[in-house]
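These are the residues of each chain, in order.
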Amino acid sequence: MWYLLLMLSFSVFAQNEDIDLDILQKLDQNMPDYQPERNVYKSPEGVQGPRKYIYPNYHVTMPQLLASGVLSGAVRRGARLISLEDGTVYKAQKSFLVKFYRLEDEFGFRYLQAKGRPAYKISSTSLENTDLETNLYEPPDQYTPAPTNKIVSDYNPKLRFLPEPVFYAGFVDGSYMKDLFNDRRARYGTTTQFGMQVMTKWNWPIRIGGSFHYERSTYNLQNDGRVIYTSPSIGPIFRTKDFVVLDFPYRFQMQYRLSPYARTDVHTRGGDLTLNFNSSDLVISVEHPEKNGWGEFVLGLFFQAQWLDLRHQSTAVQIISNNQTNNSFGASFSQVFE
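Computed from a predicted structure; not experimentally measured. Here the residue numbers are simple positions, counted from 1 along each chain's written sequence. Residue-level local features of this predicted model are given only where pLDDT is at least 70; pairs of side-chain atoms are given and counted only at 80 or more, and the full residue set underlies all totals for whole chains, interfaces and linings. Just so you know, side-chain values use all the structure's heavy atoms and leave hydrogens and water out.

Trainee: Pulling in residues and values, what's your account of the overall build of the chain?
Mentor: Under the DSSP-based scheme used, a helix requires at least four consecutive residues in state H or I and a strand at least two consecutive residues in state E, with every element numbered from the N terminus. Across its full length, the chain carries 5 helices and 18 strands. Across the 338 residues in the chain, those meeting the buried criterion constitute 32%. Note on contacts: a residue pair is in contact if any heavy atoms of the two residues lie within 4.5 Å. Sequence separation of at least 24 residues holds for 61% of the intrachain contacts in the chain that already meet a minimum separation of 6. Note that accessible areas follow from Shrake-Rupley with a 1.4 Å probe, and for residues the cover is restricted to the protein chains shown. On the chain, roughly 23,700 Å² of surface is accessible, and the fraction owed to carbon and sulfur atoms is 57%. Only protein chains enter the accessibility calculation, which uses a 1.4 Å probe; a residue is then buried when its area is under 20% of its type maximum, exposed when over 50%, and partly exposed in between.

In structure tokens, the structure reads:
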């Protein structure tokens, strides 16, 4: 109790008074002695050492685990699962539902069930019990069972057609025009076509649709002559489903178009002439579709065979009946709106 003596000494010096220190010494001797105890523990063998964590004295056995029952739960994303077979640690990339055993072991792990037996262990903090949520379900008093003969249609029951404006440009091998005007320069020309196509969107290997086209082709004649062929036509379209070659989608398309209003306007130095035709066109193309914000942008290559039949002929012409055609080939561009 020396601090008590020091305090009294300072007070004595402050008051400049004489005090008998024998009384203080006797008071200190009569006070109980106190010493703080050390923070130690005794092991079961009686050996003292520094304080440390003591594990629980119970151990969960496998029969106890299997007898505890199974609950439904959800594993959190990022949780670590430890395989009981080889100790491999797996990290859950997303949350998923599991079955786990009700009993927790002495280290705070729960055991997940796979194929009717314990397969993984996981920290209890990474597992949530979902039995309370699933027990809220109450079966209805009556219900209509699902039909056993459910019919799935491979076609579009609403026959929804997809509009597709299209543009063709290419060259013409006009064998028929060469024979018609008896002019070698008329054999070669250029063609441009504008059209609107509509296609179904069903899952059959072949899709059908329709097209309306307007074609304009030009041919040159000798002595600065010129032939302009125009034809509005209409007809069906047959298109295959897309198939992939070298990571690029492709498809084939065939059109057959008819027109009773095809005509040619002939301009020569000797005057102008108009001829009317019935036309039949067969178009075969290969297409490459690319997805965009409106649907599909389609690039294609086409070949067109054209048969012409003169009608309302008022001018005598000399032509050999050898079934010549006008053949066109070129590129096509279209946009499918979905």
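Trainee: Go over the side chain of serine 334 with me, naming the residues and quoting the values.
Mentor: Mapped onto the elements, serine 334 comes out in strand β18 (residues 326-337). Taking the relative accessible area as the measure of exposure, serine 334 reaches 5% and is therefore buried. Engagement of the side chain of serine 334 in a polar contact is seen with the side chain of glutamate 164, the distance being 2.7 Å. Pairs of N or O atoms within 3.5 Å make up the polar contacts considered here, provided that, within protein, one atom can donate a hydrogen while the other can accept it, and that residues adjacent in sequence are counted only when both atoms are side-chain atoms.

Trainee: Residues and numbers for the packing of aromatic side chains, please.
Mentor: By convention, a stacked pair of Phe, Tyr or Trp rings (six-membered ring in the case of Trp) has centres within 6.5 Å and planes under 30 degrees apart, an edge-to-face pair has planes over 60 apart, and any other such pair is tilted. Per the counting criterion, the structure on display carries 6 aromatic pairs. For the pair tyrosine 168 and phenylalanine 302, a centre-to-centre distance of 4.9 Å together with 85 degrees between the ring planes defines the contact as edge-to-face. Pair noted here: tyrosine 168 is in strand β10 (residues 161-174) and phenylalanine 302 is in strand β17 (residues 295-311), with a separation of 134 residues, a long-range link. Accessibility assignment for this pair places tyrosine 168 and phenylalanine 302 in one class, buried. Where phenylalanine 171 meets phenylalanine 329, the ring centres are 6.4 Å apart and the plane angle is 40 degrees; that geometry is what we call tilted. Of this pair, phenylalanine 171 sits in strand β10 while phenylalanine 329 sits in strand β18; the two residues are 158 residues apart in sequence, bridging distant segments of the chain. Geometry around phenylalanine 109 places lysine 121 over its ring, the cationic atom sitting 4.9 Å from the centre. Any Lys NZ or Arg CZ that is within 6 Å of a ring centre and within 35 degrees of that ring's normal is treated as a charge sitting over the ring.

Trainee: Tell me about the nonpolar core, residues and numbers included.
Mentor: Counting residues in each nonpolar core, the largest one holds 15 residues, and the members touching the most others are Met177, Leu180, Phe181 and Phe277. Of all the secondary-structure elements, those providing two or more residues to this core are α5 (175-181), β12 (206-221), β13 (225-240), β15 (248-268) and β16 (271-291). Here this core takes 4 residues from α5, the largest share from any one element. Buried Ala, Val, Leu, Ile, Met, Phe, Trp, Tyr and Cys residues that are joined via side-chain atoms within 4.5 Å together make up what is termed a nonpolar core. Among the nonpolar cores identified, the runner-up in size contains 10 residues, and Leu71, Ala79, Val98 and Leu112 belong to it.

Trainee: Describe the pattern of salt bridges, listing the residues and the values that go with them.
Mentor: The working definition used for a salt bridge is a side-chain nitrogen of Lys or Arg within 4 Å of a carboxyl oxygen of Asp or Glu. With the rule as written, the count across this model stands at 12 salt bridges. With its nearest N and O atoms 3.0 Å apart, the salt bridge here joins glutamate 164 to arginine 239. A residue pair is termed long-range when its members are at least 10 positions apart, and glutamate 164 in strand β10 and arginine 239 in strand β13 qualify at 75 residues. In this pair, the class of glutamate 164 matches that of arginine 239, namely buried. Three or more residues are tied together by salt bridges with common partners; here these are Glu164, Arg239, Asp242, Arg251, Glu287, Lys291 and Glu296.

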